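A look at the structure
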Amino acid sequence: SLSLLLFSCNNTDKKTENSQEVTKPEQASLENRQSMGSIYFKLNGELFEADPSKAKAWTSNGVPLAMLQAKNDKGFSVSAQIKNFNNEGTYKLDSDSKGGASFTVNGKTYRTLSVMKDDYLNVAITGIKTLGPVLLLSGTFEGVLQDKDGNKVQITEGRFTTESL
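So, the pairing of strand 10 (residues 134-146)
Counting buried residues in strand 10 gives 11 out of 13 residues, a clear majority hidden from the surface. By the bridge criterion, three bridges tie strand 3 (residues 55-60) to strand 10 in an arrangement that is antiparallel. In the strand pairing of strand 10, Trp58 is matched with Leu136. Taken together, strand 9 (residues 120-131) and the strand that follows it, strand 10, pair antiparallel across an intervening segment of two residues, in which Gly132 is found at a positive phi of about 65°. Pairing of strand 10 with strand 11 (residues 152-164), which is carried by seven bridges, proceeds in the antiparallel orientation. Pairing of Thr140 across the sheet is with Arg159, part of strand 11. Remark: five residues form the turn of the hairpin made by strand 10 and strand 11, two consecutive strands paired antiparallel; Gly150 in that turn has positive phi of roughly 90°.

Written out as C-alpha cells, the structure reads:
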C-alpha cells in the first residue's frame with residue numbers, strides 16, 4: 001500500500017504541473033502586485049529618497065509617453081513625463097512638447113518653467129523590463145529646475161529603478 005500511495009502522489013504532481021490552471025509568476029495579476037522601486041536624488045546637495053512602494057517609472061507598449069512618479073511621507077513628490085518616448089536613450093525635458101518635471105520638496109515646487117529653456121531635466125533611460133503590456137524603466141536624471149519666483153535648484157545624482165507596479 002505504500003507503493004500505491006507514492007505512485008498516486010507522483011501522478012497528482014504530474015497532473016498539476018501539466019494543468020493549465022497552474023499560474024506562472026509572470027502571469028499573475030498586476031492588481032495584486034505592490035509597486036516596488038527606488039528614486040533618489042540630490043537637490044542642491046541634499047539627498048532625497050522615495051518610499052520604495054511609491055516609486056515607479058513606466059510606459060506601455062505602443063504608447064509614446066513615459067511616466068516617473070515618487071513620493072515619501074516627509075513631503076516630497078516627483079512627477080515627470082517624457083513625451084515621444086520610444087526606447088532607451090537620453091531625453092531632455094525643457095518644454096511642453098518634450099514633457100515636463102515637477103519636484104515638490106520642503107513645501108516648494110520646482111518645475112521646468114523657463115521660456116529661455118535654461119531649466120531642464122535630462123532623463124537617461126538605461127534599462128527596460130517587460131511586465132506584460134507594461135515596460136518598467138530604470139535610469140538616471142539631473143538638471144536645473146525653478147520655482148514660481150524664479151529661484152533655481154540643481155538636481156544631481158538622480159537614479160531610479162522599477163521592479164514592479
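Observations concerning empty space enclosed by the protein
In this structure the tally under the stated criterion is one cavity of 30 Å³ or more. The computed volume of the largest cavity comes to approximately 40 Å³. Around the largest cavity, the lining residues are Ala57, Ala66, Met67, Leu68, Ala80, Gln81, Ile82, Ile125, Leu137 and Phe160. Of all the secondary-structure elements, those providing two or more residues to the lining of the largest cavity are strand 4 (65-71) and strand 5 (77-83). A class-by-class count of the residues in the lining of the largest cavity yields nine nonpolar, one polar and no charged.

The rules behind the values
Residues numbered from 1 in each chain as written. Predicted model: local features only at pLDDT ≥ 70, side-chain atom pairs only at ≥ 80, totals over all residues. Heavy atoms only, no water. Buried < 20%, exposed > 50% of the residue type's maximum accessible area, 1.4 Å probe, protein only. Helix = DSSP H or I, 4+ residues; strand = E, 2+ residues; numbered from the N terminus. Pairing = 2+ DSSP bridges. 1 Å grid on protein atoms, 1.4 Å probe; cavity = no way out; pocket = protein on both sides within 12 Å on 5 of 7 lines; lining within 4 Å. Points joined across faces, edges and corners; volume = space filled by probe spheres on them. Nonpolar A, V, L, I, M, F, W, Y, C, P; charged D, E, K, R; others polar.

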